[in-house]
Structure formats: structure tokens, C-alpha cells
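Structural characterization, general
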Amino acid sequence: AQSVTQLDSQVPVFEEAPVELRCNYSSSVSVYLFWYVQYPNQGLQLLLKYLSGSTLVKGINGFEAEFNKSQTSFHLRKPSVHISDTAEYFCAVSDRRGGSNYKLTFGKGTLLTVNP
Amino acid sequence: DAGVIQSPRHEVTEMGQEVTLRCKPISGHNSLFWYRQTMMRGLELLIYFNNNVPIDDSGMPEDRFSAKMPNASFSTLKIQPSEPRDSAVYFCASSSLTRNYGYTFGSGTRLTVV
């Protein structure tokens, strides 16, 4: 079984500042990792995913995340945020073995608020 | 592809009434998930299906909740009778059992029980 810990429930930042949303996971097997974004009054949208290969993954809207196996982390970063990035961000993990094991375990979410 | 389609987008009903939420997954996806989201409890997995078969319904809060998937392109979540504490946003998501590209979520149904 896997678990996901999003270390910050809320992150307020000013526009054009950099931001990092932290995610740590726990698993006894190799994993796939995901970040989802939920804008106000909308469903969850896939932001980026790590399946294999380069540990630095680029997603939509200028976000990127780095998989660190030794630290079991998958932190999300953006060098300069916009007001429109205000949303809730969810980290998720599944194991690599396929079939029913592809079921995602979600973190509790981090609310990113970008202020002018 | 039209994505995961949920209906209705909004539902307001009186306590005690039956409510049925509908979901059409992405064609070719063979896993389907029902989630509930509230401010207090966050995102909760209610039930999921693989190849139309319910695999885990341990998240279904009470016997008032039931879900079906009669075929690969349609699922329902029913609440009977509804209560004010069922007010939430209900999301449906689908994915593939053979390719792990994550879930695709629908836009949700906002349920208000008065």
C-alpha cells in the first residue's frame, strides 16, 4: 500500500514569486507519481506525471516536478506564479505493477493562493 | 474525445428524495471511480469498478448509497433516501488498466440536499 503526505495545506505567495509545493510518499514498491490541479468549481486536471526516465518532469502551465527516489519526494515547482495559478493541487501515487495496482492514492491537497 | 461526462452538473433535492448521478467514462477505459469531495473531508473514494465489476466499495458511507455499472460506457451512483449531509461535489473518473496515464476526471455533480 502507498501513502502520500502533502506537507502544506495552504501556501500563499505573491504574483511572480517562485513556489514549491511539497509531496512525500511512502511505498514498498516502485511507483508512478502524479500532480493534479483543481481550479475553483472545476474537476481535477492532470498537471504532470512521472512514469520513467528523466527525474525532472515538465507539465502544463510552466510547472515542473522532480522525482527524488532517495528522499521519496515529488515536489512541484514554478519559477514565477500568476494569479490564475490559484487552485488546489493534489499529489498522487500508484504502484507500477499494473492492473488494479494502478489505483491512485491521493494526498489531502495544497491550496495555492497567489496574491497581487 | 469528449472526456468523462457527468450529469447533471447541479442537483438540488429535498431530504428523503432519491438522487441518481450519472457518468460516461472515456471510451476504452476499463476502470471507473466515484469520489466525493467536501470541505470537511476532502476527496474521498467511494467505490471503483474494473471491467464493470465493483472491486472496492469500502468507501460507500451507508447502505443509502449504491452504484452500478451495467456496461463499459455508463455508471450511476444512487442515494436513497438523500440527507443534507450528503451535500457535496461528486466526481467520476476513469482510467486504463493496461496503461497508467493517471485518471481523467469529469467536471463533477454539485449535490445540494435541503
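The rules we used
Throughout, a residue's number is its position along its own chain's written sequence, starting from 1. Chain A is the first chain written and ligand 1 is the first ligand written, with later ones labelled in order. Reporting of local features is limited, given that this is a predicted model, to residues whose pLDDT is at least 70; pairs of side-chain atoms are given and counted only at 80 or more, and all residues count toward the totals for whole chains, interfaces and linings. Only hydrogens and water are set aside; all other atoms, that is, all heavy atoms of the structure, feed into the side-chain values. Two cysteine sulfurs form a disulfide in these notes if their separation is within 2.5 Å. Counting from the N terminus, the helices are the DSSP runs of H or I reaching at least four residues and the strands are the DSSP runs of E reaching at least two. Per-residue accessibility, obtained with a 1.4 Å probe over protein chains only, is compared with the maximum for each type, and a residue is labelled buried under 20%, exposed over 50%, and partly exposed between these values. Residue contacts follow a heavy-atom distance rule, with two residues in contact if any of their heavy atoms lie within 4.5 Å. Buried area counts how much accessible surface, traced with a 1.4 Å probe, disappears from two parts once they are put together, with both parts' losses summed. The rule for a salt bridge is simple: a side-chain nitrogen of Lys or Arg has to be within 4 Å of a carboxyl oxygen of Asp or Glu. Residue type decides the class: Asp, Glu, Lys and Arg count as charged, Ala, Val, Leu, Ile, Met, Phe, Trp, Tyr, Cys and Pro as nonpolar, and the leftover types, Gly among them, as polar.

1. What about the state of the cysteines?
Put plainly, two cysteines are in a disulfide when a covalent bond ties their sulfur atoms together. Per the counting criterion, the structure on display carries two disulfides over all chains. Between the sulfur atoms of A:C23 and its disulfide mate A:C91 the distance is 2.0 Å. Taking the torsion about the sulfur-sulfur bond, which here is approximately -65°, the covalent link between A:C23 and A:C91 counts as left-handed. With A:C23 in strand β4 (residues 23-26) and A:C91 in strand β10 (residues 87-95), the pair connects residues that are 68 residues apart, well separated along the chain. Judged by relative accessible area, which is 0%, A:C91 ranks as buried. A disulfide bridge connects B:C23 with B:C92, and the sulfur atoms are separated by 1.9 Å. The disulfide joining B:C23 to B:C92 has a torsion of about -65° about its S-S bond and is therefore left-handed. Taken together, the positions of B:C23 in strand β3 (residues 19-24) and B:C92 in strand β9 (residues 88-95) put the pair 69 residues apart, joining distant regions of the chain. There is no split in this pair, since B:C23 and B:C92 are both buried.

2. Considerations on the interface of chain B and chain A
At the junction of the two partners, chain B supplies 21 residues and chain A supplies 21 residues. Between chain B and chain A lies a buried interface of about 1500 Å² when both sides are counted; carbon and sulfur atoms form 56% of it. Scanning the region where chain B abuts chain A turns up zero salt bridges. The set of elements that each furnish at least two residues to the side of chain B that touches chain A consists of β4 (31-38) and β5 (42-50) of chain B. Here the element with the most residues in the side of chain B that touches chain A is β5(B); it accounts for four residues. Of the residues in the side of chain B that touches chain A, the class split is ten nonpolar, eight polar and three charged.

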